[in-house]
Amino acid sequence: MSGVSKSYGDVAALADAELAIRHGEMLAIVGPSGSGKSTLLNIMGTLARPTAGTVRIGGHAVDELSDRELSALRAATIGFVFQSFHLAAGVPALDAVADGMLYSGRPLRERRRLARRTLRRVGLGHRLFNEPHQLSGGEKQRVAIARAVLGDPPLLLADEPTGALDSRSGTVVMELLHELHAAGTTVVVITHDRDIAASLPREVRIKDGRIESDSAVPERTVLR
Ligand code: ADP
Ligand code: MG
């Protein structure tokens, strides 16, 4: 990201953000509530367009892509995980995950096969046919992670993935994110939890819409 800003009316949610993330990194984005973390992540994930500045993903300048090209890039490249799981009521885990590739054009049979494999990967091989109300918070988040990584996207963006979990479930979810990182996925985690942030190789701090510090960048070169 270069010179990226986002305004909502008078509110500068993000101002002049400079951020480079390399393939295979894992980092935390931390900052107080309302500081612009989700805005940063949503722009990074092409869910929101910046008011100014440039976002490049794997060499593609996002603002030069058509909506269709952008959707294709997003589907092939980025998995999303949210604090509130985003699982539809009444849908068994296997289908919730298989639906994550609904737009891939792959047949349901193959999507279900992949979904089963991915649910096993996140330790939920015994919960394939359970609906969200039959799962614990930690299990729901693992279903959401399985859905996010079904197509093996190189980039996983997680917005406070442990924010709604007790600390034990949070630990299990973080272990899973570390495993995905170890297997080659680039992982960006927004977190309020200092221990989680400290456990990640890189920490980007944001305050009032500005990147305050970035442990990967020597202090004097951080733009203010
Ligand atoms: P965080 O994730 O760090 O809590 P956000 O990125 O959600 O912060 O929000 C940053 C600022 O932008 C806040 O002041 C918030 O109220 C504002 N904001 C975020 N999204 C919108 C929106 N869709 N419309 C108007 N204001 C928004
Ligand atoms: Mg947020």
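Residues numbered from 1 in each chain as written. Chains lettered and ligands numbered in written order. Predicted model: local features only at pLDDT ≥ 70, side-chain atom pairs only at ≥ 80, totals over all residues. Heavy atoms only, no water.

(A) Seen up close, helix H5 (residues 137-149). Taking 1.5 Å per residue as the helical rise, H5 with its 13 residues ought to reach 18 Å, and the 18 Å between its terminal C-alpha atoms agrees with that figure. The element H5 is extensively covered by neighbouring structure, given that 10 of its 13 residues are classed as buried. Tucked into the core, H5 has its buried residues touching strand S7 (78-82), helix H3 (93-98), helix H4 (108-121), strand S8 (155-159) and helix H6 (167-182). (Helix = DSSP H or I, 4+ residues; strand = E, 2+ residues; numbered from the N terminus. Expected span 1.5 Å × (residues − 1). Buried < 20%, exposed > 50% of the residue type's maximum accessible area, 1.4 Å probe, protein only. Contact = heavy atoms within 4.5 Å.)

(B) Up close: a positive patch on the surface. Together, Arg109, Arg113, Arg117 and Arg121 line one region of the surface with positive charge. Its location among the elements puts Arg121 in helix H4. (Patch = residues over 30% accessible without salt bridge, like charges linked within 9 Å, V, L, I, M, F, W, Y side chains within 5 Å. Areas by Shrake-Rupley, 256 points an atom, 1.4 Å probe, with all protein chains shown as cover. Salt bridge = Lys/Arg side-chain N within 4 Å of Asp/Glu carboxyl O. Lys, Arg positive; Asp, Glu negative; His and termini not counted. Charge placed at Lys NZ, Arg CZ, Asp CG, Glu CD.)

(C) Focus on the nonpolar core. Formed by 38 residues in total, the largest nonpolar core has its most connected members in Leu119, Val143 and Leu177. Looking at this core, the elements with two or more residues in it are strand S3 (26-30), H3, H4, H5, S8, H6, strand S9 (186-190) and helix H7 (194-198). (Core = buried A, V, L, I, M, F, W, Y, C linked by side-chain atoms within 4.5 Å.)

(D) Just the sheet that holds S7, in detail. Pairing is mixed in the open sheet, where 6 strands are placed in the order S7-S8-S9-S3-S10-S11. Among the strands making up the open sheet, the edge pair consists of S7 and strand S11 (210-214). Neighbour to neighbour, the strand axes of the sheet diverge by 20° on average, direction disregarded. As paired strands, S8 and S9 are joined by 5 bridges and run parallel to one another. Looking across to S9, one finds that Leu156 is bridged to Val187. The strands touched by helix H2 (residues 67-77) are S7 and S8; relative to S7, the strand with the most contacts, the crossing angle is about 75°. (Pairing = 2+ DSSP bridges. Axes fitted to C-alpha atoms, helices over the stretch in contact; angles between N-to-C directions.)

(E) Spotlight on the site of ligand 1. Close to ligand 1 lie Tyr8, Val11, Ala13, Pro32, Ser33, Gly34, Ser35, Gly36, Lys37, Ser38 and Thr39. Within the backbone of Ser35, one N or O atom sits 3.2 Å away from an oxygen atom of ligand 1. Considering ligand 1 on its own, with 560 Å² of exposed area, one finds that the protein chains cover 57% of that surface. For the shell around ligand 1, the secondary structure elements donating two or more residues are strand S2 (11-17) and helix H1 (37-44). It is H1 that provides the largest number of residues to the shell around ligand 1, a total of 3 residues. (Near = heavy atom within 4 Å. Polar contact = N/O pair within 3.5 Å; in protein donor to acceptor, adjacent residues only side chain to side chain.)

That is the geometry; function is a separate question.
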